[in-house]
Amino acid sequence: MGKNFQIYRNVVKSKLKGEKMIQSYTLLGMLGWCSFEDFRRKRVLVYPVLLFGIIGMLLHLYYRNISIGSLLAGCALGLGLLLLSYLTGQIGSGDALVLIVSGIYLGFWENTRLFFHGLIFCGIWSLLLLVLKRKRGRDEVAFIPFLFLAYLEMMLL
């Protein structure tokens, strides 16, 4: 009886790794594509991001590895940034849209972690550009590449 339970537990663990892996690489693909677009064009197209959002919802319905409350709270972080974008104009709405979709994949706490790690990486890079006099205080910096970097760091650690 003990050996069968051990086999069952290993199968469940490997299945969980597989479903996490599908969602992780899908999100990584979205962040990679959006990083390229944000860095190159300084804008992100809405329809591909929405497509990744739909894929994320379908994966959530199939795997259900985060609660609906966490999913909605993760999306609320991006919605808050979208509201801030419309009120101030200082944050790109594409950045907020990407954080809404990443909330579908990650939930609240992991999405918050992604956002803050991205802010730290972006802050360090911006400070370096200011010190080297490559940018001035009002110049814009693409933010999504730092979300991509932060997500890579989250996957590896």
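Higher on the page you've got the structure.
Basis of the calculations
Residues numbered from 1 in each chain as written. Predicted model: local features only at pLDDT ≥ 70, side-chain atom pairs only at ≥ 80, totals over all residues. Heavy atoms only, no water. Helix = DSSP H or I, 4+ residues; strand = E, 2+ residues; numbered from the N terminus. Expected span 1.5 Å × (residues − 1). Buried < 20%, exposed > 50% of the residue type's maximum accessible area, 1.4 Å probe, protein only. Arc of directions from axis to C-beta. Lys, Arg positive; Asp, Glu negative; His and termini not counted. Salt bridge = Lys/Arg side-chain N within 4 Å of Asp/Glu carboxyl O. Contact = heavy atoms within 4.5 Å.

## Some words on helix H2 (residues 46–63)
For step 1, the next point in the chain: Compared with the 26 Å implied by 1.5 Å per residue over 18 residues, the 26 Å span of H2 between its first and last C-alpha is a close match.
For step 2, the next point in the chain: For H2, every residue scored as buried is listed here: Val-49, Phe-52, Gly-53, Gly-56, Leu-59, His-60 and Tyr-63. Buried residues of H2, viewed axially, fall in a sector of 125°; they line one side. Opposite its buried face, H2 presents the exposed residues Tyr-47, Ile-54, Leu-58 and Tyr-62, each directed more than 90 degrees away.
For step 3, the next point in the chain: A positive backbone phi angle near 50° is found at Arg-64, which sits one or two residues after H2.

## A few points about the side chain of Asp-38
For step 1, the next point in the chain: Along the chain, Asp-38 falls in helix H1 (residues 2–41).
For step 2, the next point in the chain: For Asp-38, which is buried and forms no salt bridge, the nearest opposite charge comes from Lys-42, at a distance of 6.3 Å.
For step 3, the next point in the chain: When near neighbours in sequence (up to four residues on either side) are disregarded, Asp-38 contacts Arg-43, Val-44, Asp-95, Ala-142, Phe-143, Ile-144 and Pro-145.

## Notes on unusual backbone geometry
For step 1, the next point in the chain: Although it is not a glycine, Lys-42 adopts a positive phi angle of roughly 60°.
For step 2, the next point in the chain: The residue Lys-42 is located in the loop between H1 and H2 in this model.
For step 3, the next point in the chain: Phi angles above zero are rare outside glycine, and Lys-133 is one such case at about 60°.
For step 4, the next point in the chain: Examined against the element boundaries, Lys-133 turns out to sit in the loop between helix H4 (93–131) and helix H5 (144–156).
For step 5, the next point in the chain: For Lys-133, a relative accessible area of 73% gives the class exposed.

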